[in-house]
Amino acid sequence: MSVTVAIPFFNAEKYLADSIKSVFAQTFEDWELLLIDDGSTDNSLSIAKSVNDPRVRVLSDGLNKKLACRLNEVTRIAKYDLIARMDADDLMSPNRLKTQIDILNTNPDYDLVTTGVYSVMNDLTLVGKRGSSFKDATFDEIISRKKGVTHAALMARKNWYERNKYDETLTIAQDLDLWVRSSFNNDLKIISVDEPLYIYREEGNVTSAKILRAYKNERRLIKKYVGLLNPIYIKSMMKTLAVTMMDIFSIKRDMQAKRNIEVGPQERYNYEQNVQRVKSIRLPLQ
């Protein structure tokens, strides 16, 4: 079974080449790679166009349509029935695609599979890992955040995306909106594995403004689906109050302590070997 890998990018010249290398480093080689420019003003598009491989398609219309629009575009143009996405500043472990394809092949009644992540600094220094293993996630588990979906590490069947499109009016938390909506419609047949097959650059990602916007969107969804009096709405309000009162350094420290698990020496060594494998890839250039 073949897979479409999609990397939408915007001004990602610093990291895009390494993201592309991590696709070429995959043990599974029957893929196409869609590189979709979202109106970059730096050298990103030139980097994408420099890759000379028949499996790679570069698309650019000069517009800045944002992520949700580009991901819906991926669904329309993907050649294959499986779609794996990733962000342009991240990497994936060499066995990511094979592992996820094997899981979906073994579980034909499921539409999505996601994985754990290694949390890293911009220079790929390993901070920790996180992830959870489960099969299925109910609406109540999604809306209450008892179970979460790692969006960047997701692989899904194309026909699921055709039934469940991203809301292009949203500029943040498009993924949570999609999980809530699809689970509400009993259409979120997902498997999550805790193995960290995705390398997630998170340095500088946490700001109080982003967190407050995310909580605001969270309350919008809770209000829409379960109402204002639900305890999870009140919990979201309390989280907003806590962020408002805390300084950003405390937020970063507390979020890191809560989310990430320490990585042991052997696993750290394996991570570093995988990163070196990706870094050593020589892309076929024009």
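Check the entry above for the structure.
Residues numbered from 1 in each chain as written. Predicted model: local features only at pLDDT ≥ 70, side-chain atom pairs only at ≥ 80, totals over all residues. Heavy atoms only, no water.

Within the protein chain, the regular secondary structure consists of 11 helices and 10 strands. By sequence separation, contacts in the protein chain at least 24 residues apart represent 80% of the contacts at least 6 residues apart. Working note: accessible area of the protein chain is about 13,900 Å², and carbon and sulfur atoms make up 51% of it. (Helix = DSSP H or I, 4+ residues; strand = E, 2+ residues; numbered from the N terminus. Contact = heavy atoms within 4.5 Å. Areas by Shrake-Rupley, 256 points an atom, 1.4 Å probe, with all protein chains shown as cover.)

Here we take up the pattern of salt bridges. Once the charged atoms of two side chains with opposite charge are near each other, the side chains can pair. Per the counting criterion, the structure on display carries 17 salt bridges. A salt bridge links Asp 18 to Lys 279; the nearest nitrogen and oxygen atoms lie 2.7 Å apart. Within this pair, whereas Asp 18 is found in helix α1 (residues 16-24), its partner Lys 279 is found in helix α11 (residues 265-279), the two being separated by 261 residues in sequence. A relative accessible area of 11% means that Asp 18 is categorised as buried. (Salt bridge = Lys/Arg side-chain N within 4 Å of Asp/Glu carboxyl O. Buried < 20%, exposed > 50% of the residue type's maximum accessible area, 1.4 Å probe, protein only.)

Attention now moves to the pairing of strand β7 (residues 126-130). Each regular strand shows side chains that alternate between the opposite faces of the sheet. Here strand β6 (residues 112-120) pairs with β7 via four bridges, running antiparallel. In the sheet register, Ser 119 faces β7, and the bridge partner there is Gly 128. Turn length for the β6-β7 hairpin, with the two strands adjacent in sequence and antiparallel, is five residues, and the turn residue Leu 124 shows positive phi of about 75°. (Pairing = 2+ DSSP bridges.)

Moving on, we come to the pairing of strand β4 (residues 82-85). Neither face of β4 is open: one carries Leu 82 and Ala 84, the other Ile 83 and Arg 85, and all of them are buried. Sheet topology note: the strand β1 (residues 3-9)/β4 ladder contains three bridges and is parallel. If you follow Val 5 over to β4, its bridge partner there is Ala 84. Bridging between β4 and strand β9 (residues 155-157) involves three bridges; their strand directions are antiparallel.

Glancing now at the packing of aromatic side chains. For the coordinates displayed, the defined rule picks out nine aromatic pairs. Ring plane angle 70° and centroid distance 5.4 Å describe the contact between Trp 160 and Tyr 161, whose orientation is recorded as edge-to-face. Exposure remark for Tyr 161: the relative accessible area of 4% places this residue in the buried category. Geometry around Trp 31 places Arg 55 over its ring, the cationic atom sitting 3.8 Å from the centre. (Phe/Tyr/Trp six-rings, centres within 6.5 Å; stacked < 30°, edge-to-face > 60°. Lys NZ or Arg CZ within 6 Å of the ring centre and 35° of its normal.)

Here the focus is the nonpolar core. By size, the foremost hydrophobic cluster in this structure holds 37 residues, and its most contacted members are Val 3, Leu 16, Trp 31, Leu 33, Leu 97 and Met 155. Elements with a contribution of two residues or more to this core: β1, α1, β2 (31-37), α2 (44-49), β4, α4 (96-106), β6 and β10 (190-201). Not counting residues within four places of it along the chain, the set of residues in contact with Leu 33 comprises Val 5, Ile 7, Ile 20, Val 23, Arg 55, Val 56 and Arg 57. Counting 31 residues, the second-largest nonpolar core is a separate cluster that includes Ala 68, Phe 134, Ala 173 and Leu 188. (Core = buried A, V, L, I, M, F, W, Y, C linked by side-chain atoms within 4.5 Å.)

This paragraph deals with empty space enclosed by the protein. On inspection of all chains with the given rule, the structure shows one cavity of 30 Å³ or more. In this structure, the largest cavity encloses a volume near 40 Å³. Looking at the lining of the largest cavity element by element, the count peaks at three residues for helix α3 (residues 67-77). (1 Å grid on protein atoms, 1.4 Å probe; cavity = no way out; pocket = protein on both sides within 12 Å on 5 of 7 lines; lining within 4 Å. Points joined across faces, edges and corners; volume = space filled by probe spheres on them.)

Here the focus is unusual backbone geometry. Peptide bonds are mostly trans, and most non-glycine residues show a negative phi. Residues other than glycine seldom take positive phi values, yet Leu 124 does so here, at roughly 75°. Here Leu 124 lies in the loop between β6 and β7. The exposure class of Leu 124 is buried, given its relative accessible area of 8%. One non-glycine residue with positive phi stands out, namely Arg 145, at about 65°. For Arg 145, the position within the fold is in the loop between α5 (139-143) and β9. Arg 145 gets classed as partly exposed once you look at its relative accessible area, which sits at 46%.

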